[in-house]
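# Observations on chain architecture
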Amino acid sequence: MSTTFAVVITSYNYREFVAEAVDSALAQTRAPAQVIVVDDGSSDGSADLLRARYGSDPRVTLVCIANGGQLAAFQRGLACVDADVVCFLDADDRWDADYLQRIGGCFDRGREFDFVFSDVRLCGNEQGVLGYADRAIDLGYTAISTYLDPHWYGAPTSALALRTAHARRALDLPGDLFATWRLSADNCLVYGASIFGARKLFVPTGCVHYRIHGNNGWWGRQTAQTKFLNRYRSRCLVGLYAQRIGMTGACIEDIQYEYRTKPDPSWRETRRYARLALHGRARLRSIGRALSILRSRWSATRRSDALTVPEQP
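Residues numbered from 1 in each chain as written. Predicted model: local features only at pLDDT ≥ 70, side-chain atom pairs only at ≥ 80, totals over all residues. Heavy atoms only, no water.

This brings us to the sheet that holds strand S2 (residues 34–40). Strand order in the open sheet formed by eight strands is S3-S2-S1-S4-S10-S6-S11-S9, with mixed pairing between adjacent strands. A single partner strand is all that each edge strand has here, and the edge strands are strand S3 (60–65) and strand S9 (137–141). Averaged over neighbouring strand pairs, the angle between their axes works out to 20° when direction is ignored. Contacts between helix H3 (residues 70–79) and the sheet are confined to strand S1 (5–11), S2, S3 and strand S4 (85–90), with S2 contributing the most and set at about 145° to the helix. With respect to the sheet, helix H7 (residues 186–195) is in contact with S4, strand S6 (115–117), strand S10 (160–163) and strand S11 (199–202), its orientation differing from that of S10 by roughly 45°. (Pairing = 2+ DSSP bridges. Helix = DSSP H or I, 4+ residues; strand = E, 2+ residues; numbered from the N terminus. Axes fitted to C-alpha atoms, helices over the stretch in contact; angles between N-to-C directions. Contact = heavy atoms within 4.5 Å.)

This is the structure:
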């Protein structure tokens, strides 16, 4: 049986863009089972536009709420989901028509992957491509590495797709965190999925268009203070998730086994895991873990080189 998909689109004062986002979800060659649009208390007429354009469309579920921020909107949209996998789409972004088709096969192969993310193509005020790598990468499990040093194994909201059970668990957060993650609740999905044991896959689709405009070009305006606060808040969030499942620093004992869940890790990822392995208190054991990780990658490289047939002159 094919995987079913729900799309959750959240919007706040994006009347100029939201219809393009919704239309791109409805135009998918692999049709989603649900398109859920949450208007987060917009004051620019977005809700009226949505009702007029999609109010009688049976493919669209409209949810209009008082303004509460992105995390609250994510939670309201997710409450309406009745599908195997949920994809998130910001109201100022859009997908090419074959996006769900491209990522669908990754989920159709049984329960192999839980979290699939894509590259994004910048549009609007900036151009370019942002992606985790230039090729598809099975990242395996990322719980221990995320716990020890919060690494963002993910992408912006519009390039995230995960099994609904993982999304529900990641977004099950208390109300006092709503203000903290009002504008960047995609961090909750990325970090929560890692800590709760989602197996992750990066697939460059070229289908996600991430719009840069006056209201969201935040990375060019970051300061030392905002960078610190973002990292500090992320570490606190990871700690909250870890506490829920009883995860402690003792997990470092198994970091080399998590590393081996990655079929073809890059040398950059290998060095990162080796560095993290050295953080243990027992120095000799820490060095042994780091060397085990490096040996695994070196052995894989040698096997790959041995299988490569040189071209004939």
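Let's shift gears to the environment of Ser2. When you line up the elements, Ser2 lands in the segment before S1. With relative accessibility at 49%, the residue Ser2 sits in the partly exposed group. A sequence separation of 67 residues divides Ser2 from Gly69, and the C-alpha atoms of the two residues are 33 Å apart. Excluding residues within four positions of it along the chain, Ser2 makes contact with Arg30, Asp84 and Asp108. (Buried < 20%, exposed > 50% of the residue type's maximum accessible area, 1.4 Å probe, protein only.)

Note that strand S7 (residues 120–124) and strand S8 (residues 128–130) share three bridges and pair antiparallel. Residue Val120 lies in a different strand from S8, and its bridge partner there is Leu130. Hairpin connection, S7 to S8: the antiparallel pair is bridged by three residues.

Secondary-structure assignment places Arg211 in strand S12 (residues 208–212). Residue classification places Arg211 among the buried residues on the basis of a relative accessible area of 13%. In this structure the side chain of Arg211 is engaged in a polar contact, spanning 2.9 Å, whose partner is the side chain of Glu20. Of the polar contacts made by the side chain of Arg211, one reaches the backbone oxygen of Asp92; its length is 2.8 Å. (Polar contact = N/O pair within 3.5 Å; in protein donor to acceptor, adjacent residues only side chain to side chain.)

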